[in-house]
Amino acid sequence: MNGTVDNGYALVNPAGHHALPETGLGFCIFNNVAVAVRHAQAELGIERIAIVDWDVHHGNGAQAIFGEDPSVLTVSLHQDRCFPPNSGLVTDRGTGAGHGYNINIPMPVGTRDGGYQYAAQTVIGPALEAFAPELVLVASGFDPNAMDPLARQLVTTRGFITLTETVMAAADRSAQGRLVLVQEGGYSPVYVPFCGLATIETLAGVHVLDDAILPVVGGMGGHDLEPHQKALVDLVAEHVTDVHHP
Ligand SMILES: [Zn+2]
């Protein structure tokens, strides 16, 4: 916030995005990102904050905590009803004054890079542009990765790089580049390190190491955007028109 660094990655554990005000849930004890939001609002003099949650599981904690609060835009990109069960529906859009400021993108099971990239470009980017946050926080889970045991999406480092570029561009537009990614889930000991490295390389503007798994998982079928994935994203994109600069 004081400009000492361009952006940041908080490599924290345990994860936080399932935690609710009254209880922990799903490996999470405290909702780290939500605490950061309220700290920034109370102590750092900013009001309008966006949370982008790309963990493969629904960001139910932020939805519950900020659902009535139009000062916090919450966008969750997740696998359709993976965890918590039956959570994260398209129709959950916030309540009261917060209506329209909670966006769920429940991607069909088996979505690969094309679907994730289309969601980033069609919903996440435009929603952030409309909201014009002063700070962008990301609940950065790597469990959409193609080898993860706790979900069934098939994203490679290409998908995570697009997501990272999307939030960086949004932060540059309205938040003077202020962007912090906060570690959430990710359970493949083989592929999470490559996904994390590609994400942090993108944040830092450097390239250190090639993704050694990409020649395998990147060459599998289905990475192109599928019609049923496009239909879901296009449906959610209609909700972006309800996001306004408060
Ligand atoms: Zn997760």
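Everything numeric here is computed off the predicted structure, so don't read it as measured data.

Q: Explain the overall build of the protein to me, please; I cannot follow it from the model alone.
A: Scanning the protein from terminus to terminus reveals seven helices and six strands. The helix and strand sequence of the protein, counted from the amino end, reads β-α-β-α-β-β-α-β-α-β-α-α-α. The C-alpha atoms of the protein give 16 Å as radius of gyration, which agrees with the globular expectation for 246 residues (18 Å, within 12%). Reported as C-alpha extents along the three principal axes, the dimensions of the protein are approximately 45 × 40 × 35 Å. When burial is assessed residue by residue, the protein has 50% of its 246 residues classed as buried. Once local pairs closer than 6 in sequence are excluded, the contacts in the protein between residues at least 24 apart make up 74%.

Q: Quick question: what am I supposed to make of helix 4 (residues 157–174) here?
A: Since there are 3.6 residues in each turn of an α-helix, residues three or four apart along the chain are aligned in direction. The terminal C-alpha atoms of helix 4, which comprises 18 residues, lie 26 Å apart, in line with the 26 Å expected from a rise of 1.5 Å per residue. For helix 4, the full list of buried residues reads T157, G159, F160, T162, L163, T164, T166, V167, M168, A170, A171 and S174. Of the surrounding elements, those touching the buried residues of helix 4 are strand 2 (49–53), helix 3 (113–131), strand 5 (135–140), strand 6 (179–183), helix 5 (192–204) and helix 6 (214–217).

Q: Is there a simple way to explain the sheet that holds strand 6 in this structure?
A: Sheet strands pair by backbone hydrogen bonding; their relative direction is either parallel or antiparallel. With parallel pairing, the six strands of this open sheet are ordered in space as 1-6-5-2-3-4. Looking at strand neighbours, the two that pair on one side only are strand 1 (8–10) and strand 4 (102–107), the edges of this open sheet. Ignoring strand direction, the axes of neighbouring strands in this sheet form an average angle of 15 degrees. Taken together, the five bridges between strand 2 and strand 5 define a ladder with parallel strand orientation. Opposite I49, over in strand 5, you have L135 as the bridge partner.

Q: Hey, could you run me through the packing of helix 4 against helix 5 in this one?
A: Each pair of packed helices can be described by the angle between their axes along with the distance between the axes. Running from N to C, helix 4 and helix 5 point in directions that differ by 30 degrees, and their axes come no closer than 9 Å. When the interaxial angle is binned, helix 4 and helix 5 end up roughly parallel. For the crossing formed where helix 4 meets helix 5, the hand is right-handed. Contacts from T157, F160, I161, T164 and E165 of helix 4 reach helix 5 at F194, C195, A198, T199, T202 and L203.

Q: Is there a simple way to explain the packing of helix 3 against helix 4 in this structure?
A: Between helix 3 and helix 4, the shortest axis-to-axis distance is 9 Å and the interhelical angle comes to 10 degrees. In terms of their interaxial angle, helix 3 and helix 4 are classed as roughly parallel. Judged by residue contacts, D113, Y116, Q117, A120, Q121, I124, G125, L128 and E129 of helix 3 engage R158, G159, T162, L163, T166, A169, A170 and R173 from helix 4. Partitioned by chemical class, the residues of the contact of helix 3 with helix 4 number seven nonpolar, six polar and four charged.

What counts, and where the lines are drawn
All chains use their own residue numbering, which begins from 1 and follows the written sequence. Reporting of local features is limited, given that this is a predicted model, to residues whose pLDDT is at least 70; pairs of side-chain atoms are given and counted only at 80 or more, and all residues count toward the totals for whole chains, interfaces and linings. Strands here mean DSSP runs of E at least two residues long; helices mean DSSP runs of H or I at least four residues long; both are numbered from the N terminus. Radius of gyration here uses only the C-alpha atoms, and the compact-globule reference equals 2.2 Å multiplied by the residue count raised to the power 0.38. Here a residue counts as buried when 20 or more other C-beta atoms sit within 10 Å of its C-beta, as exposed when there are 12 or fewer, and as partly exposed otherwise, the C-beta atoms being derived from the backbone. Once C-beta atoms have been placed from the backbone, residue pairs whose C-beta atoms lie within 7 Å are recorded as contacts. Each residue after the first adds 1.5 Å to the expected span of a helix. Here, a strand pair is defined by DSSP locating no fewer than two bridges between the strands. The axes are straight lines fitted to the C-alpha atoms, using for helices just the contacting stretch, and the angles between their N-to-C directions are given from 0 to 180°. Throughout this description, any angle smaller than 35 degrees is read as roughly parallel, any larger than 145 degrees as roughly antiparallel, any in the 65 to 115 degree range as roughly perpendicular, and the remainder as oblique. Handedness of a helix crossing follows the sense of rotation of the near helix relative to the far helix, less than a right angle counterclockwise being left-handed and clockwise being right-handed. Residue classes follow a fixed rule: Ala, Val, Leu, Ile, Met, Phe, Trp, Tyr, Cys and Pro count as nonpolar, while Asp, Glu, Lys and Arg count as charged, and any other residue, Gly among them, counts as polar.

All we've got here are geometric facts, nothing functional implied.
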